[in-house]
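Summary of the model geometry
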Amino acid sequence: MMQSSGLGNALNGLASLLVAYQIPVLLVISMRGDPGEWNAAQVPMGRAVRPVLDALGIQHLTVDGPETAAETVRLVSSLAFSVQLPAACLLPRRLTAPTTAGRP
Amino acid sequence: MTMTREAATRLVRGLLADDLVVVSLGHPAYDLFAAGDRAEHFYTWGSMGLVSSLALGLAMARPDRRVVGLDGDGALLMNLGSLATIATTKPANLILLVWDNEAYGTTGGQKTATAHGCDLAAAARALGIPRAATVRSIDDLESAFTAARTSPGPSVIVAKVDESCPGVKPPLDCVFIKQRFMAALGSDATSNER
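Let me begin by describing the structure that accompanies this report. (Residues numbered from 1 in each chain as written. Chains lettered and ligands numbered in written order. Predicted model: local features only at pLDDT ≥ 70, side-chain atom pairs only at ≥ 80, totals over all residues.)

1. Regarding the interface of chain A and chain B
- Facing the 10 residues of chain A at the interface are 11 residues of chain B.
- Those elements that provide at least two residues to the side of chain A that touches chain B are helix 1 (4–19) and helix 3 (66–83) of chain A.
- With four residues, helix 1 of chain A is the largest single contributor of residues to the side of chain A that touches chain B. (Contact = placed C-beta atoms within 7 Å. Helix = DSSP H or I, 4+ residues; strand = E, 2+ residues; numbered from the N terminus.)

Have a look at this one:
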C-alpha cells in the first residue's frame, strides 16, 4: 500500500525487479493530486500515475466506491498472479480524504 | 585493506550451507556467481539499493530458512531506512553482509560516503541493530559470519574489501533466476493457486 507519491519513489524497484523478474504484487495506491487536491506539490506525480503505470505495462483499475472496492481489489490481485506481474488498484482521493477543504 | 571482495566472497560461499542469498547487482553478484552458482542465489540485475529490503521480506516470509543479503556500501547508502525496518521487525534468521569497498565499483569506482568516514556498522547500531560490526580481514570475516550463522539475528557485518575484477556474470534471464530460486524454496513459480 502506498500513496501516489510513494509510487514515484518506488518506480525503479517496480520496473527492474517486479516487472523484469515477473513477480506478481498487488499494489493499492491511494491517490493524491486528483480532483479535490489542495496541495499543489501532490498534483504532478498524481497526474503521472496512470501514464507511468501504462508505460511499465502494469495494469490498473480504479475503485468506484465502497460497494465495489473489495471486488476490485480481488480482480486486480487475481490479475497480478495470473499474468505474473504487478497490478495496481487505485483509490481516488474522493473515497479516502476528509471532505473539508484544506486538510491533508 | 587486506582482502579482496572476490576472496571474501569465496570464503562466504564456502560457509553458506543451505542459506538463501539475495545479492546486489553488478560486481557483488558477479563475484558470487564466480565463487559457485546455486539455485538458492537470487541475483539482482537492477533495483539498486533494495537487497536489504528483499532479504528482510524473504526472512519474514520464510522464518524456517536463514537468509543472507549480500549488499554493497553504495547500494545500502541508497536505502538506509531499511536498517531501521530490520531493527523494528527483528528477523532472527537474517544476516546482512555489506561489501564495503568505499566506491561504486561497478560504475567506475567513484567514491562513496564510506570513503569519507561514514561508518555503516555504527549506523546500523544507531538504528537499532546491536549485532553490527566491521571486519577487515578474512579471519575476522570468517569468525563474524560463523557467529552470525550460529546465533539469533538480525546481524549486520560490514566487510571492508578491496575491489576485484570479476570475469564472469550470472545468467541474464531474470525469470529463470526467479523460477529456479522459487523451486529451490519449494514454491511453484508457475502456479496460480494462492
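2. Structural notes on the pairing of strand 1 (residues 20–23) of chain B
Residue and element names in this part refer to chain B.
- Burial along strand 1 is two-sided: Leu 20 and Val 22 facing one way and Val 21 and Val 23 facing the other are all buried.
- With four bridges connecting them, strand 1 and strand 3 (residues 67–72) associate as parallel partners. When the sheet's bridge partners are listed, Val 21 is paired in strand 3 with Val 68.
- Sheet analysis places strand 1 next to strand 2 (residues 41–43), joined by three bridges and oriented parallel. Considered in strand 2, the bridge of Val 22 is made with Phe 42.
- Remark: the strand 1/helix 2 (residues 27–35)/strand 2 crossover connection has right-handed handedness. (Buried ≥ 20, exposed ≤ 12 C-beta atoms within 10 Å, placed from the backbone. Pairing = 2+ DSSP bridges. Right-handed = clockwise from strand over helix to strand, strands pointing away.)

3. Section: helix 5 (residues 81–89) of chain B
Residues and elements named next belong to chain B.
- Along helix 5, the residues that are buried comprise Ser 82, Leu 83 and Ile 86. Seen end-on, helix 5 carries its buried residues on one side only, within an arc spanning 105°. Of the residues in helix 5, the exposed ones pointing more than 90 degrees away from the buried face are Gly 81 and Thr 88.
- Tucked inside the fold, the buried residues of helix 5 contact helix 3 (51–61), strand 4 (94–100) and helix 6 (120–126).
- Just past helix 5, the residue Lys 90 takes up positive phi, approximately 50°. (Arc of directions from axis to C-beta.)

4. Some remarks on unusual backbone geometry
- In this structure, B:Pro154 follows B:Gly153 across a cis peptide bond, with omega equal to 5°.
- The topology assignment puts B:Pro154 in the loop between helix 7 (138–149) and strand 8 (155–160).
- In this structure, A:Gln22 is a non-glycine residue whose phi angle is positive, near 55°.
- Mapping A:Gln22 onto the fold places it in the loop between helix 1 and strand 2 (26–30).

5. Some details on the packing of helix 1 (residues 5–15) of chain B against helix 7 of chain B
Residue and element names in this part refer to chain B.
- Relative to each other, helix 1 and helix 7 sit at 30°, their axes nearing to 10 Å. Viewed along their axes, helix 1 and helix 7 adopt a mutual orientation that is roughly parallel. Of the two elements, helix 1 crosses helix 7, and the hand of that crossing is right-handed. Here Ala 7, Ala 8, Leu 11, Val 12 and Leu 15 of helix 1 come into contact with helix 7, specifically with Ile 138, Leu 141, Glu 142, Phe 145, Thr 146 and Arg 149. (Axes fitted to C-alpha atoms, helices over the stretch in contact; angles between N-to-C directions. Parallel < 35°, antiparallel > 145°, perpendicular 65-115°, else oblique. Left-handed = near helix turned anticlockwise from the far one by under 90°.)

6. Some remarks on the sheet that holds strand 1 (residues 2–3) of chain A
Residue and element names in this part refer to chain A.
- One open sheet accounts for four strands, arranged 1-2-4-3; its pairing is parallel. Each edge of the open sheet carries a strand with a single partner, namely strand 1 and strand 3 (60–62).
- Looking at chain direction, strand 2 and strand 4 (residues 87–91) are connected through five bridges and run parallel. Each bridged residue has a counterpart across the sheet, and for Val 28 the counterpart in strand 4 is Cys 89.
- Those strands touched by helix 3 are strand 2, strand 3 and strand 4, and its axis lies near 160° from that of strand 4.

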